[in-house]
Each structure stands twice: as C-alpha cells, then as structure tokens.
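What follows is each chain in one-letter form.
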There are 4 protein chains.
Amino acid sequence: MVGGGIGSFIGPVHRRAAELDGNIRLVAGAFSRDPAASRQAGEAYGIDVDRAYPDYETMLREEAKRTDGIDLVTIVTPNDTHFAIACAALGAGVHVMSDKPATATLAQALELSKVVKRSGRHYALSYSYTGYAMLREARSMVAAGALGTLRKIVVEYYQGWLADPVETRNNRQAAWRTDPARAGIGGCIGDIGVHAFNLAEFVSGERVAQINPELQRIVPGRILDDDATILARFANGATGIIACSQIATGERNNLRIRLWGDKGGLDWSHERPDLLTINWGSGKSEQRHAGWAGLTADAHAATRLPGGHPEGFIEALANIYSDLRMAILHEAPATPLQGIEEGVRSMSFLEQAVTGAADNDGWRRL
Amino acid sequence: MVGGGIGSFIGPVHRRAAELDGNIRLVAGAFSRDPAASRQAGEAYGIDVDRAYPDYETMLREEAKRTDGIDLVTIVTPNDTHFAIACAALGAGVHVMSDKPATATLAQALELSKVVKRSGRHYALSYSYTGYAMLREARSMVAAGALGTLRKIVVEYYQGWLADPVETRNNRQAAWRTDPARAGIGGCIGDIGVHAFNLAEFVSGERVAQINPELQRIVPGRILDDDATILARFANGATGIIACSQIATGERNNLRIRLWGDKGGLDWSHERPDLLTINWGSGKSEQRHAGWAGLTADAHAATRLPGGHPEGFIEALANIYSDLRMAILHEAPATPLQGIEEGVRSMSFLEQAVTGAADNDGWRRL
Amino acid sequence: MVGGGIGSFIGPVHRRAAELDGNIRLVAGAFSRDPAASRQAGEAYGIDVDRAYPDYETMLREEAKRTDGIDLVTIVTPNDTHFAIACAALGAGVHVMSDKPATATLAQALELSKVVKRSGRHYALSYSYTGYAMLREARSMVAAGALGTLRKIVVEYYQGWLADPVETRNNRQAAWRTDPARAGIGGCIGDIGVHAFNLAEFVSGERVAQINPELQRIVPGRILDDDATILARFANGATGIIACSQIATGERNNLRIRLWGDKGGLDWSHERPDLLTINWGSGKSEQRHAGWAGLTADAHAATRLPGGHPEGFIEALANIYSDLRMAILHEAPATPLQGIEEGVRSMSFLEQAVTGAADNDGWRRL
Amino acid sequence: MVGGGIGSFIGPVHRRAAELDGNIRLVAGAFSRDPAASRQAGEAYGIDVDRAYPDYETMLREEAKRTDGIDLVTIVTPNDTHFAIACAALGAGVHVMSDKPATATLAQALELSKVVKRSGRHYALSYSYTGYAMLREARSMVAAGALGTLRKIVVEYYQGWLADPVETRNNRQAAWRTDPARAGIGGCIGDIGVHAFNLAEFVSGERVAQINPELQRIVPGRILDDDATILARFANGATGIIACSQIATGERNNLRIRLWGDKGGLDWSHERPDLLTINWGSGKSEQRHAGWAGLTADAHAATRLPGGHPEGFIEALANIYSDLRMAILHEAPATPLQGIEEGVRSMSFLEQAVTGAADNDGWRRL
C-alpha cells in the first residue's frame, strides 16, 4: 500500500476490503513520506515493520529482491501522485489498484494507458460502487436487454458536507479537495461527479458522447466547483443527467442511478444498496433484494450472504469480535458482551416457551 | 475455529468478521470430523495445514504446546456440541466465541455458566444483531432515559424459507433445524426466536419476567414449531410481543424491534440497519443514520465509515479486489475491471466538463 | 345525520364522503340535542334550517311526511346511542350508515341484527378502512386464492395520543373514550381494536374462531384498557395476532395488515394506503399501486383517479377552490392564489424553453 | 363548468374538489359543444338540465339573467380555448378557475393579465399540487427562512405513459397532448413541465431568471417533446434543475421537489404527499406528517383530518357510501357492505376479549 497512514480514512477501508476474502494480505507499505510515521503505521497494521518503507521507490526496489515480495500495490495517496506511483509499480511488474482519479490530467491518463498495455500487468481503479451486488444485477439486466432500448439515464450524487466553508476550519478532507493545487481542475465534479459518470457508463454499457456542463461555485471563496449538473447525450441516442453537489445541505452520500428503456426502468440508491426497483412498462413494479436466488450470475458472484442479510452483517459480527478482543485485553468494550448470562436467559426463554405452549397454561415466569 | 468446513455458511462469515479489523487471525481449526476434510478446509482458508486438526480435543492439546498457540476459539458446530466444546476450550484456558444457542438445554447452560466463572476466560455468544451500530444507538438512548419509562416492546423476526417442507428436499440447513435430535426442543423459536428475545433484553435493558407462549406447527409433518408468538411481561411492568415465524412466505430475514416509553418510541429494522427512527411524544419524527456525528459513543465505537456509507461499503470494495485477484490469476471475473480505459474516460469527462462550463459554449463531444 | 354538530371531527368527514360522488346530499339532521345548536349546525352545513331538528325522533317523524324526505341517515353520536337511533331509523323505513360500534353491547347487536332483517332496509357500518382501493385489491387477491392457503394474519393498529393522561386535561376526544359510562367495556380495544379485528376478517375472508386476549391499563388512573394484544386462531387453522395500542408514543394512526399464505404474503399499511406489497414464495417482491390498469375489478371500482395520483389529490384541488372562494369573499387565503401572474410566468417558461432548445443557444432570460 | 362532459377525467375531479367543503355547488355548465351531450352530462351531474347549455356564451348570457346565476366558472376545455372562455367569463363578471395552461401562447397570457386586472374578478389556475398541505408547509418554512439562503432547487416530474406511441392507438388523452394543433408548442414540457416550474417558484418563493433548456423527442414520430431537462438559474443566485419526462417507462406520476439552503434541505414527493423530510445541516433528519400539531398555520389551514389519516381517508369513506347507495339501488356493490353481521362479530370480539383478559383463562371461542 502506498499512502494510508495513521489517520487516513480510505487506507483501513482498502485493507479490510482487500483482506476480506482471505486471499490477499497486506504485507508491505510506504504509508507515509515520514519514515517514522510509515513504520508506526506498519506496526499498527501488524505487518513486519521492516517492510514499512519510507517511500514507494524503496518499497518497489526492496520488495523486488524478496521471493515473497508484493504482487499488488494499492495507491491511496493524493491525486497528483497517482500517475507516478502507478507507472513505477507497473514498471516493477506489480499489479495496481489505484484510488480514483487515475491521474491528475487527461494527458497523464492517456500516457498511463500506454504504460499499462506495455507492462502486461493489471491495473484497476477502485470505483467502489461498481462492487455492489445490486448494481451488478442492474448492469446484467441492461446488458441482457431486459429494459429494451435505453432512452434516459439519470445519475445524481448529492452530499452536503461542504455546505459550509469547512476547509477554512481545519477540516483536512475538505482542505485538499477544495485546493486546485492538490485536487486538480475539478472540485465536486472531480471528487464525486466522476463516480456518477463512471456509474452511468458501467451500468448502462453505453458511452457518453456529448456533455453540456454547468458548474457552480456556491460557497463564497471557493475556487473549484462545489455543485455541477451535466446534461449528457449517449452514443446510442439516450439522453441523460449527471448531477452532483457537495453543498446539498443535510445530504449524506446520496448516490442514485435510474435508467429507463422502452420496456422498463431501474432505480438504485446507495441509501438502500441491497435493493433494486424495477418499474415495468406494464405497470408492474418489482423489487429485487441482494441474496435472492433469482438474481443474475454476476450479482450472485458478488454476494457473500443469503437474502435478507444486509451487506453490513459482517461488520456487525466484526463488532462482536472487537468487543471480545477488548474484553480479553482488559479494555472495557463500549457495549457489554453477550455472554453466558445471556446464554442462560435464552435457554430459559426457550424451555419455558416450548413447555409452556405445550401445556397451554397461560403465563409463566422466566 | 471448530466447525466451519467447506460448504459451511457461517464459518466464512465468522472468519471475515473476526479478521476484519486486522487484530485477530485464523491460524488453526478443527473444521471437520473427517481429518482429510479438515485439512482441505485449512488449505482453503490459507492456514498452515498442520494446524488443521481432526477434532477439537487434538486442536486444544496441540495448540497448548505452541508458544504461538490459539488464544480464542470460535464454535460454529451443530447446537448439541456447543456445550462440550466450550467446556473443553475454557478448560484449556482459551477464550470462546460461540454460535448461539449456548447449549442444547437450560441445564447445560447453567452448568456452563459455572465453568465460565471458574475458568477466568471470556465467553461470548455471537448474537450478531447486537453488533449493529444503530441498535447500539438505540440501547444507549434507552439506557440514558431518552424514551422515559419503557412501556411496550415489540420484536418480530419473520422469515419465509420454511414455508414449504424443504427439509424433505435435500435442504441441509432446513433438515437439521427441523430435526429435534439435532435442533433440540425448539424449531423456529430456537433458531430465530431467541435472537428476538435477546434483542428485546439487549436494547431495552429490561428483563422479561413472564411469558405467555403460543407455538404453531404450520407445515404438515413438522415436529418442531415453525411459527411462534410469545406475549411478554417485563420486570419493570412493560408489556411486549416476541414474534417469530419461518413460514411467513416471501419474507427474507425481517427482524424488527420497536420500543415505546412515555417520552417517545424507537423503530429499527434489519432491512435498513443503518437507520433508526424515533417518534417523539411531541409528534416530531426523527431519523438517525449510521455515521452521524451526533450519535452516542457506543454507536460511534461500532462504526467504521462516515455517514452515508452503508455498512456494506467494505464488501462492495472487497468485490473489486476479488475481481482484480481473479484477473491476475487468469480467471475471468464476472464483471469487467474498471481499469485504465475507464480512468481515461473519467479524466476526459472531467476536463471537458470543467473547460466546457468555463467557456459556456453548450455541447461538447467526449 | 344524527350528531355531527359544530366542533365534531367525524361529522364533516361523513358529509364530505357521502357527497363526494354527487349522488347523496345532506338535506336534514339532528345535529345536537340543543335545538339552537342543531339549527346553527344546519346553517353551517348550508341546508334548509327547518330541516335541522332538535332530536332524531322529530327528524324521522317530520321527514316521513315529506315527499322529498330522507332516504338514509348517518349516525355519528356517542356509542351508547347508536342502537336506539338505528332501530328508530330502520323502523321509519330509512337506510342507516352507522359509525362503529354498532351498539354498546353484544346483546344489543344481536337484537339490532333482527331489526335489520325485519326492516328490509340497508344497514352499513362505516368501517372506513375497508374503503381503501388497495385493501380491496388485497381482499380480492386472497379470495381468488393468489396467496394459496392462508396461514398467518397479523394486524396492528398503533396510536400514541393517549400516552399521557390527556383525558384529565380537557381533551374531549380522550375523555369519553376513557370513560366506561360512555365508551362501554372496551377502551383501546373498543376504539381501534375492533377496526383491526374487522380488517382481519374483511381482507382474509376467514373468521376468527378463538382468541387469547391480553389487555393492559398502562397509564396510571385508567379504568379501561389502553393497550391490547390478542392472539387469534382462525376457523381455517391460520394463526394470528391482533394488536392495538393508544400509548405507543409518537405513533400517529399506524394501521397495518399482513397476511401470509403458502404461496405468498401481502403487506398494507395505512401510512401508504395507495401501495400493496406482495412477497411471493419464489422470492419475487411486487408492489401494486392504486390506479394500475392490472388491478382487480373491486379495486378499480374503488378508484377515482389514474395511477400515481394519491388518493388525497382531490383534497389538494379542493384547497385551491377553498382559496379562491376565500378570495372572492374578501377573506385572505393563507396561501396566495396561483393566478394570471403565474399563468404568464408559465407561458414564458414554456416559450423560452421550446424556442431556446430549438435554437440550442445556451442560457436565456425568463 | 365549461367542458367536463361524459368521459372526461378532469371534470368530475374538479366537481368533487369544488364541492368538497360544501361551500360551492355545481349548478350550471356548458359541458359539450353538442347540446344533447351537454344536457346528458348535466343530468348525470344532477343539475337542473335547463342550466346545461350548448356553449359557454349562452351559459354566461342566460346565467346573468338569473338572480341565482353562477358566480364562478371552471374551465376544463382543451388548451386552445382557455383564453377566449376566461375573457368572456371575466367580461360577464364571473370569477374564473382555469385549468392550466392559462392560454395557448405567451401573448394571450399577457393579454389575459390585463383583462383580469380590468375585470375586478378573481382568476385562479388549478395548479393542484400547490394545494397539498405538506407543500404549503414547505413553502412556509422556506419563507420563514428555516432553510437559510436557498442555493439549489431540483424539481422532477417523471411519467411513463407515453413511452409507447399510444397516440396512434386510440388513446384520446395521448392524441391531443402530442398534437401541436391542440397542445400548442410544448408536449411534455407544456403538459407537466410547467407544473414542475410552477412548483419550483411556488415553494421557493424565488423567480427563475434564466434557463438552459434541452428538449427531446424520444419516441419516433413525435413532433412535440416527450422529455425535457431545463437547467435553471434563480434570481437570488440559486442553481436548479427542472426535469420532466413522459417516456420514463414504468413511472406513474412521480413529481418531486427538493430545495437546499445553507441551513438545511427539504424533500417532498407526490408518492407520499403527507410527508415532508427535512435534512438539517447539523446532520439531524426530521420527518413531518400532515396533521401534526406543530405544522405552520398555512399547512393547518389546508388540512381536514388529524395526523395519521392520509389525505385519501375521505375517498375511502366515500367508497363505503357508494357501496351503500348501490345496495339501496339494488345494484350489487363490488365489495360487500360491512353491515350488522360484522357489527355483531365486532361486539362479540370486544366482549370476549375484555372478559377473557379479565379472567386470564387463555383461549376463548368467538
């Protein structure tokens, strides 16, 4: 991993995601430009601290010497460094998972495209939303022609956390995103608009052919856009809207995609990622849920749990493990463990319920 | 881990959850009574196959000899074996995370309670639902008196997967759950009713004092209940309903808890685990979302992501990593990687949008 | 109309509902036992004040003398008077629409049953919920066997307005409902529980054969129940729950019915009366909306508007008429009329949009 | 009423809405250009057939001679006739409620504006959506500054009923709306886009200053637009989107408005008209329901029922009256009346529940 030091939001998320299925392990990293901070992060992540390097160049060089050196690098650094790191990693024969954007400029992206092809290595962008099972269901349905000819595609991505000039108040996440020197030419459109754009093409399978963009700088003092609406025309003739905002006060992370073909329409919202609504031309309205046996193969392949278990079920159980670990380490967990006392209670409930119901004699003490 | 061999549903879920935060690692297991199957599972899990044991007794004995032996064992075997394994593990000085139910009978549970106390080890039941951040918010709010005096508690847990006699049609999950020899005295009530019961006490902080149970065997041929409604009276005088069913055709995993005090009511449903609705006595209705800065400390401690990111976000990103891994291993992922081509597209979108909006000249090609 | 004087809640609702389709007109009434108050109400309702009678006996006698006398009487008086009024009206050859309960006691109800049969007149109870189109859809689907054999029926009706002892604080609606002298033997169960019961039988077409009731008096000082849960066994063997509460703090008027058969389950909630959710045994989930062309004949017959127009659309338009009337009467409406100025704005918008889009020349002033 | 003959959709809606509160009565009309058809409609509406005129000119002339002549005329004719009728009515000293659009062209609207002013009569447009209580709540909140400075306004109005070329298949509603000769210059934008535009200005209290329109003709053969997205800039500097479509397959009548100020955001959707969601800048999320005691005065003035009764409650009760009327007329209602038999059942339920609960003796027969 390059980047993702102590205090990073996205570093731990990538680590957890990468390791979730047990096939990938974090073993090395250049977590910070500060060698001590990088080692500290390595320690926190539980890796061999000798593999917590001061910079990515050293990491790539040293890892190449090992028989158990890294196969894959995750890039979670500021946008302006993605290009150089990706090129170096690919040059060293290492596969790449890069945080978006791929690069700081279109010219770099075109250049990187060539580097990828020459390298024979894999290069992936972590457009996380494309990983949701129900968006893959949507994509498969569209590809199979279930909606008929696509006519209209509307993606919106509304957040409200930049409704105030928080970048002037020590908010690090806001500071670099509103600074052209670090964020590049796009503010809101670069941060979240490209997610909306990517999703429009990912789910529809269609290419945006033309855009008519309207960008706004709403909060006084902003240099980059904090709100944007882009009218789109797709290559197949469909019309569309790609809208994003970071000044939609009170919105959390409201990503939504709707597509309409001549046979029906699809509706997916990040607020209920396990659900896909389909409104058919007949007037029938259908809801598909993650885990349903009737989903397409692609959606199945992206599902770890049976129907009715929201995708956060693993995190919930992970919290129980975290509590137990804290208890073992003599750190009081915020929430008490459900332990043997609760086990006894449940067994008591069970026995009284079963025998009570059989005897049909009304109320019983527990 | 004891149990959780190839084909198990809950084994991989426990592994992922235990390892999610990077502080716990699966290193040994007795995954199956069949030694070859246990080794095969060990291999699949990527552990040292010498630590994939043929039975838990061997595992506990051999691990005790190692300086890096196991600290914690997860028990995911059939219900009737939980008691013996937990006793053995605690006797060997190992902490325990047990799948519910704690034991097969109330008598065993009371016995295990003594064993736990003597052992000085931690014993936890994996009541996964208690790990949801918004249920911890609910619990904290109730404990802080936000609802006033609790008056009414309604928990329902409705599933439909046993609406047909699938246990007669090679459904392994159904077969043991409907078999008294393996499931014990309770069918639906033992499988999911105890979750509802546990949640009622966990969130309310109140104890059920009396129950008036009604159990049904709806599907012909069933020996154990497949539907139950239990009227409850709580120690503090509150009234309640604990309802569960596995013949509620079409329901997935519909767990819901509502509590009303004299100041307000809470509503949480597993179908939207990130959301907690509060209806105040004033008529105001409030919705709290996971990740909100105003949540209680307990809810915060159970949160890994900022607001608006559903708890399944990590799984979504994990799917991207899984796709990349498959590509690297020359296995075609079901869904194409978002790679450099998409990176170029996004940069093109971004540049055209920003420059187009600045020039205010209408439509531009992409 | 008998009852429904100035200040009544249910009187005007009945008047509006009765007259909605233009086939029934309010022409006479005994709106109050106080002759002056009755005349005053008659005036407010815009009827001939000579037909605003001091009591129902006079009304029935005088109207019988007219060639244009009343055909139908609506009874919206306190519960204990329903029986006598209904008997008198039927005796006078007038059809009856009675607010529920039919009578104050079961004995009276059985007696009234004979009176109805002898009279040859129609007698209807205004169980308003049975009028919703989507509940009629539900009923028709069940009757046609769409759900297969019914197995489980759960109706809940939760309100919170009696969570405080408002009957001691000048709340007239609460006062009579909590007073055994006026409300009869049932509090919450008599006020709303019977609606839940009626709906269970109406939609399912099945009869409740046995009940196991639990009634609570939660708010100190109450003589009648304010919360009840009734376990039910239906004649066909289905199991059920009929639950109601008026101390569910924060709940408004939360009536919900769910039914499960061996082929699927239905879910309807008063909070979204235009919607019926069907979860099929196959795992498919369907949503039907009022006005859909594919609804059953019964549901169609109960629909006045095309799909997507919530049933309150008529009230919304009625508000516009009300505003206009106030303006005409020189009473300032709370909300300004949408008049010719708005008409000009809209036409300007329309022309600029159409010509602007044709010219494709970007921004235009409005 | 001018227009609204037999078979009309909007005529009966206007009649019901106008008469709902009992202050306005339909007494005369020119329901059709065909004198016989007009009389037939008059008969169906239950008015004096001598006041069912062959044309509006005759109606205005004849009614002016009566002491009880009409005060108000409702215009529900095709768009191209609105102007002439409104001018004639105002000229005759009659107030006007006109279906939108006000006129066929902007020039006519400006002319009509002068006529209204000279006439001293009231002229109202039936923008029905502005009658919803919760939109009036929204408007009042914005006007009171609850959201702070408005920054972004998004209105969308999506329908799917023109996704197929139904105008070629005998669909009268579609035929005139897609015909420039009758509908004027706008298709979708004229039919529903102006509603969205009107709502944007009504709720926000702000004026659209500039628009950048994109109109589409998606279904082959269409001359007028059937889909439109208009970027908007408001006079106060806020940015906005006004989107409408009639080819959004599967959508019913999906009107939604969202507004964001620097303090919070509002969200209202026609699919749940009784609900207003407010997302505050603090991260708090609030839901307000029609009938809540804490609503603004404007919202209260537009409410006929207490909280929790959806605005369609009156229609539901009207269905019960309609069933009773059919029974009286010896027409079998689609749904059986809830009559004395159900009354007896309910009383039996009530008595058994209350006495059974008191005796606490378990199950009782009903």
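As the structure is a computational prediction, the values presented were derived from the model and not from experiment.

1. A closer look at the overall build of chain A
Here comes step 1: What chain A contains, in helices and strands, is 12 helices and 13 strands.
Here comes step 2: The C-alpha extent of chain A, read off along each of the three principal axes, is 80 × 60 × 45 Å.
Here comes step 3: The 366 residues of chain A split such that 65% are buried.
Here comes step 4: Long-range contacts, defined here as pairs at least 24 residues apart, represent 58% of the contacts in chain A between residues at least 6 apart.
Here comes step 5: Accessible surface, chain A: about 12500 Å² in total, of which carbon and sulfur atoms supply 50%.
Here comes step 6: Separation of charge centres in chain A, based on 38 positive and 43 negative side chains, amounts to 4 Å.

2. Some points on the interface of chain B and chain A
Here comes step 1: Contacts between the two partners involve 128 residues from chain B and, on the opposite side, 128 residues from chain A.
Here comes step 2: Buried surface at the junction of chain B and chain A, summed over both partners, amounts to about 12500 Å²; 65% is from carbon and sulfur atoms.
Here comes step 3: The three residues of chain B that bury the most area against chain A are Tyr321(B), Phe349(B) and Trp363(B), which together make up 7% of that side's buried surface.
Here comes step 4: Here Arg207(A) and Glu341(B) are joined by a salt bridge, their closest N and O atoms 3.5 Å apart.
Here comes step 5: Counting the contacts that link chain B with chain A gives 41 residue pairs in polar contact (both at pLDDT 80 or more).

3. Focus: the relation of the copies chain B and chain A
Here comes step 1: Take chain B, turn it by 180 degrees, move it 0.0 Å along the axis, and it overlays chain A with an RMSD of 0.0 Å. Those values place the two copies in the arrangement expected of a two-fold rotation axis. Considering only C-alpha atoms, the part of chain B nearest the rotation axis is Gly312(B), at 2.1 Å.
Here comes step 2: The residues that chain B uses at the interface reappear at the interface of chain A in 100% of cases, marking a shared surface.

4. A closer look at the sheet that holds strand E1 (residues 2-3) of chain C
All names here are of chain C.
Here comes step 1: With respect to topology, four strands assemble into an open sheet ordered E1-E2-E3-E4, the strand pairing being parallel. What marks the edges here is a single partner per strand, and that holds for E1 and strand E4 (123-125).
Here comes step 2: Where E1 and strand E2 (residues 72-76) come together, two bridges link them in parallel fashion. Looking at the pairing, Val-2 lines up with Ile-75 of E2.

5. A closer look at the interface of chain C and chain D
Here comes step 1: If you look at the interface, chain C gives 128 residues, while chain D gives 128 residues.
Here comes step 2: Interface area, chain C with chain D, both sides summed: about 12400 Å², of which 65% is carbon and sulfur.
Here comes step 3: A per-residue breakdown of the area chain C buries against chain D is headed by Tyr321(C), Phe349(C) and Trp363(C), which together make up 7% of the total.
Here comes step 4: One salt bridge in this structure joins Arg136(D) and Asp323(C), with 2.7 Å as the shortest N-O distance.
Here comes step 5: Where chain C touches chain D, the interface holds 42 residue pairs in polar contact (both at pLDDT 80 or more).
Here comes step 6: Top contributing element to the side of chain C that touches chain D by residue count: helix H12 (residues 340-359) of chain C, with 17 residues.

6. Overview of the pattern of salt bridges
Close approach of charged atoms allows side chains with opposite charge to pair.
Here comes step 1: Per the stated rule, a full pass over the model turns up 114 salt bridges over all chains.
Here comes step 2: Two residues, Asp359(A) and Arg364(A), come together in a salt bridge whose shortest N-O distance is 2.7 Å.
Here comes step 3: The exposure class of Arg364(A) is buried, given its relative accessible area of 16%.
Here comes step 4: A salt bridge links Arg16(C) to Asp21(D); its shortest N-O distance comes to 2.8 Å. Taken together, the positions of Arg16(C) in helix H1 (residues 10-19) and Asp21(D) in the loop between helix H1 (10-19) and helix H2 (35-45) put the pair across two chains. For the pair formed by Arg16(C) and Asp21(D), the shared burial category is buried.
Here comes step 5: Overlapping salt bridges bring together Arg15(A), Glu19(A), Arg25(A), Arg15(B), Glu19(B) and Arg25(B) as one network.

7. Topic: the side chain of Asp21(A)
Here comes step 1: Looking at Asp21(A), the relative accessible area reads 17%, which means it is buried.
Here comes step 2: In this structure the side chain of Asp21(A) is engaged in a polar contact, spanning 2.7 Å, whose partner is the side chain of Arg16(B).
Here comes step 3: Setting aside anything within four residues of it in sequence, one finds Asp21(A) in contact with Arg304(A), Arg15(B), Arg16(B), Ala318(B) and Ser322(B).

8. A short note on the environment of Leu231(A)
Here comes step 1: Relative to the helices and strands, Leu231(A) is located in strand E7 (residues 227-234).
Here comes step 2: The sequence separation of Leu231(A) and Gln210(A) amounts to 21 residues, and the corresponding C-alpha distance is 8.3 Å.

9. Here we look at the sheet that holds strand E3 (residues 95-98) of chain A
All names here are of chain A.
Here comes step 1: Taking strand neighbours across the sheet as the criterion, the four strands line up as E1-E2-E3-E4 in an open arrangement whose pairing is parallel. The sheet is open, and its two borders are formed by strand E1 (2-3) and strand E4 (123-125), each paired with just one other strand.
Here comes step 2: Inspection of the sheet shows strand E2 (residues 72-76) paired to E3 by four bridges, in the parallel sense. Within the sheet, the bridge partner assigned to Val-73 lies in E3 and is Val-96.

10. Observations regarding the nonpolar core
In a soluble, globular protein the nonpolar side chains are often hidden away together inside.
Here comes step 1: One finds Leu112(A), Tyr123(A), Leu266(A), Leu112(B), Tyr123(B) and Leu266(B) to be the most contacted residues of the largest nonpolar core, which totals 198 residues.
Here comes step 2: Non-local contacts of Leu266(A), meaning those with residues more than four positions away in its chain, are made with Ala138(A), Met141(A), Val142(A), Leu147(A), Ile257(A), Arg258(A), Leu259(A), Leu276(A), Thr277(A) and Ile278(A).
Here comes step 3: Within the second largest apolar cluster, 192 residues are counted, among which are Ala290(C), Ala28(D), Val94(D) and Leu112(D).

11. Things to note about the relation of the copies chain C and chain D
Here comes step 1: In screw terms, the move from chain C to chain D is a rotation of 180 degrees and a rise of 0.0 Å along the axis, fitting with an RMSD of 0.1 Å.
Here comes step 2: Most of the interface of chain C is mirrored in chain D, where 100% of its interface residues again form contacts.

12. With respect to the environment of Gly160(B)
Residue and element names in this part refer to chain B.
Here comes step 1: Locating Gly-160 in the fold gives a position in the loop between strand E5 (150-158) and helix H7 (172-177).
Here comes step 2: As for Gly-160 and Ile-247, which are separated by 87 residues in sequence, their C-alpha atoms are 4.5 Å apart.
Here comes step 3: Not counting chain neighbours up to four residues away, the residues in contact with Gly-160 comprise Gln-246, Ile-247, Ala-248, Thr-249, Gly-250, Glu-251 and Arg-252.

13. Quick notes on the confidence of the model for chain A
Here comes step 1: Counting all residues, the mean pLDDT for chain A is 91, and 99% of those residues have values of 70 or more.
Here comes step 2: Interface predicted TM-score (ipTM) for the complex: 0.91; the corresponding pTM is 0.93.

14. Notes on unusual backbone geometry
Here comes step 1: Note the cis peptide between Lys100(B) and Pro101(B), where omega equals 0 degrees.
Here comes step 2: Inspection of the secondary structure assignment puts Pro101(B) in the loop between strand E3 (95-98) and helix H5 (106-119).
Here comes step 3: A positive phi angle, near 60 degrees, is found at His330(B), a position not held by glycine.
Here comes step 4: Here His330(B) lies in the loop between helix H11 (313-328) and helix H12 (340-359).
Here comes step 5: The backbone of Asn170(C) shows a phi angle near 70 degrees, a positive value even though the residue is not glycine.
Here comes step 6: Mapping Asn170(C) onto the fold places it in the loop between strand E5 (150-158) and helix H7 (172-177).

15. Points about the packing of aromatic side chains
Two measures describe an aromatic ring pair: the distance that separates the ring centres and the angle between the ring planes.
Here comes step 1: On inspection of all chains with the given rule, the structure shows 24 aromatic pairs over all chains.
Here comes step 2: Where Phe349(C) meets Phe197(D), the ring centres are 4.3 Å apart and the plane angle is 10 degrees; that geometry is what we call stacked. Remark: Phe197(D) occurs in helix H9 (residues 188-204) and Phe349(C) occurs in helix H12; the pair is interchain, linking two chains.
Here comes step 3: Residue placement shows Arg233(A) over the ring face of Trp363(B); its charged tip is 3.7 Å from the ring centre.
Here comes step 4: Above the ring of Phe202(B), the side-chain terminus of Arg139(B) is found at 4.6 Å from the ring centroid.

16. Observations regarding helix H12 (residues 340-359) of chain D
Residue and element names in this part refer to chain D.
Here comes step 1: Here H12 contains 20 residues, and its C-alpha end-to-end distance of 28 Å stays within 8% of the 28 Å for a straight helix at 1.5 Å per residue.
Here comes step 2: Within H12, 14 of the 20 residues are buried, leaving the element largely enclosed by the surrounding structure.
Here comes step 3: At the exit of H12 stands Asn-360, carrying a positive phi of roughly 55 degrees.

17. Side note on the packing of helix H4 (residues 82-91) of chain C against helix H5 (residues 106-119) of chain C
Residues and elements named next belong to chain C.
Here comes step 1: Between H4 and H5, whose axes approach to 10 Å, the crossing angle comes to 10 degrees. Considered as vectors, H4 and H5 are oriented roughly parallel to each other. Here Phe-83, Ala-86, Cys-87 and Leu-90 of H4 come into contact with H5, specifically with Gln-108, Glu-111, Leu-112, Val-115, Val-116 and Ser-119.

Thresholds applied
Residues numbered from 1 in each chain as written. Chains lettered and ligands numbered in written order. Predicted model: local features only at pLDDT ≥ 70, side-chain atom pairs only at ≥ 80, totals over all residues. Heavy atoms only, no water. Helix = DSSP H or I, 4+ residues; strand = E, 2+ residues; numbered from the N terminus. Buried < 20%, exposed > 50% of the residue type's maximum accessible area, 1.4 Å probe, protein only. Contact = heavy atoms within 4.5 Å. Areas by Shrake-Rupley, 256 points an atom, 1.4 Å probe, with all protein chains shown as cover. Lys, Arg positive; Asp, Glu negative; His and termini not counted. Charge placed at Lys NZ, Arg CZ, Asp CG, Glu CD. Buried area = accessible area lost by both parts, 1.4 Å probe. Salt bridge = Lys/Arg side-chain N within 4 Å of Asp/Glu carboxyl O. Polar contact = N/O pair within 3.5 Å; in protein donor to acceptor, adjacent residues only side chain to side chain. Least-squares fit on C-alpha atoms with pLDDT ≥ 70 in both. Pairing = 2+ DSSP bridges. Core = buried A, V, L, I, M, F, W, Y, C linked by side-chain atoms within 4.5 Å. pLDDT = per-residue confidence, 0-100. Phe/Tyr/Trp six-rings, centres within 6.5 Å; stacked < 30°, edge-to-face > 60°. Lys NZ or Arg CZ within 6 Å of the ring centre and 35° of its normal. Expected span 1.5 Å × (residues − 1). Axes fitted to C-alpha atoms, helices over the stretch in contact; angles between N-to-C directions. Parallel < 35°, antiparallel > 145°, perpendicular 65-115°, else oblique.

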